[in-house]
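Chain by chain, the residues run as shown.
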Amino acid sequence: MNWNDYEAVWKRQKLPIGAAADLADIRATFELKRRKLESTLRVRYITDGVLGVLTALGFLGYAWWIGRAGWPIAIGAALILGVSWVFVRDHQRRRRHQVGPEATLLTKLDAEIAELHHQRRLLRHIGLWYFLPYLAAGVLISATVVHRLRIKPPPGLLVDLLTTPRSAIFIYLTVAIVVAGLWLVWRDARDAGKKRIDPRLQELEKMRRDLFGPADSLSD
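Cut-offs applied
- Residues numbered from 1 in each chain as written.
- Predicted model: local features only at pLDDT ≥ 70, side-chain atom pairs only at ≥ 80, totals over all residues.
- Heavy atoms only, no water.
- Patch = residues over 30% accessible without salt bridge, like charges linked within 9 Å, V, L, I, M, F, W, Y side chains within 5 Å.
- Areas by Shrake-Rupley, 256 points an atom, 1.4 Å probe, with all protein chains shown as cover.
- Salt bridge = Lys/Arg side-chain N within 4 Å of Asp/Glu carboxyl O.
- Helix = DSSP H or I, 4+ residues; strand = E, 2+ residues; numbered from the N terminus.
- Buried < 20%, exposed > 50% of the residue type's maximum accessible area, 1.4 Å probe, protein only.
- Polar contact = N/O pair within 3.5 Å; in protein donor to acceptor, adjacent residues only side chain to side chain.

Undergrad: What am I meant to see in a nonpolar patch on the surface here?
TA: Among the surface-exposed residues, I46, V50, L51, V53, L54, L57, L60 and L81 lie close enough to one another that they form a single nonpolar patch of about 620 Å² accessible area. Looking at the nonpolar patch, the element that brings in the most residues is helix α2 (residues 23-66), giving seven residues. Structurally, L57 is set in helix α2.

Structure, rendered in structure tokens:
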């Protein structure tokens, strides 16, 4: 499970133009884009929810097998379950608010605008509910496994590695690459809202104003 899977929800769709988009094109493609987003999000939520639960159960089984020393792994598994619970709850929310094919265009349009506002809020806080729990779980589980295997470095190894030019350069480069990679992933998550959700909201709100007049507040 990674952000690339979640981000694909938006990358599969053509980049929206925004307020400058042609009204006729917005109307002609509205239903197709609405159904595509609905279907993709449903599959994504179910997949992430199920995989997260299975992963957490696997770690819980390992924690139970090694006994009392495995309590940090159990906490890591609980964090993974927490992320899956976000997907499951959001899937349930979507089902409660889902509009049927018989709904009026106004109802579908307002529901789509409200959903995009919700998705933007999720992306805005992606670091708190997605990245941070997985990072903490990874640290807890990895540290426990290393301790369980009794992997102890020789005395003074870290000092030697950091003072030896070749090994020090390798360590610093590795840390820099990891940090840069995490920053790029986080930036992509934030940019998904600016490049895809916000312009699409502008298109739909433009369409609503043209057909039905200004909408009531559906934003954050």
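Undergrad: Looking at this structure, I do not really get the pattern of salt bridges. What am I missing?
TA: Proximity of charged atoms lets side chains of opposite charge pair with each other. The final tally for this structure, using the stated rule, is 12 salt bridges. Ionic pairing is found between R35 and E31, a salt bridge with its closest N-O pair at 2.8 Å. Of the two residues, R35 and E31 both sit in helix α2, four residues apart, roughly one turn of that helix. With a relative accessible area of 21%, E31 lands in the partly exposed category. A salt bridge links R93 to E115; the nearest nitrogen and oxygen atoms lie 3.0 Å apart. Of this pair, R93 sits in helix α3 (residues 71-97) while E115 is found in helix α4 (residues 105-124), placing the two residues 22 residues apart along the sequence. In this structure, a network of salt bridges that share partners links the residues E31, R34, R35, E38, R42 and K108.

Undergrad: Looking at this model, I keep getting lost on the environment of H117. Mind explaining?
TA: Residue position: H117 is located in helix α4. It is 8.0 Å that separates the C-alpha atoms of H117 and L201, two residues lying 84 residues apart in sequence. At 3.0 Å, the side chain of H117 forms a polar contact with the side chain of R120.

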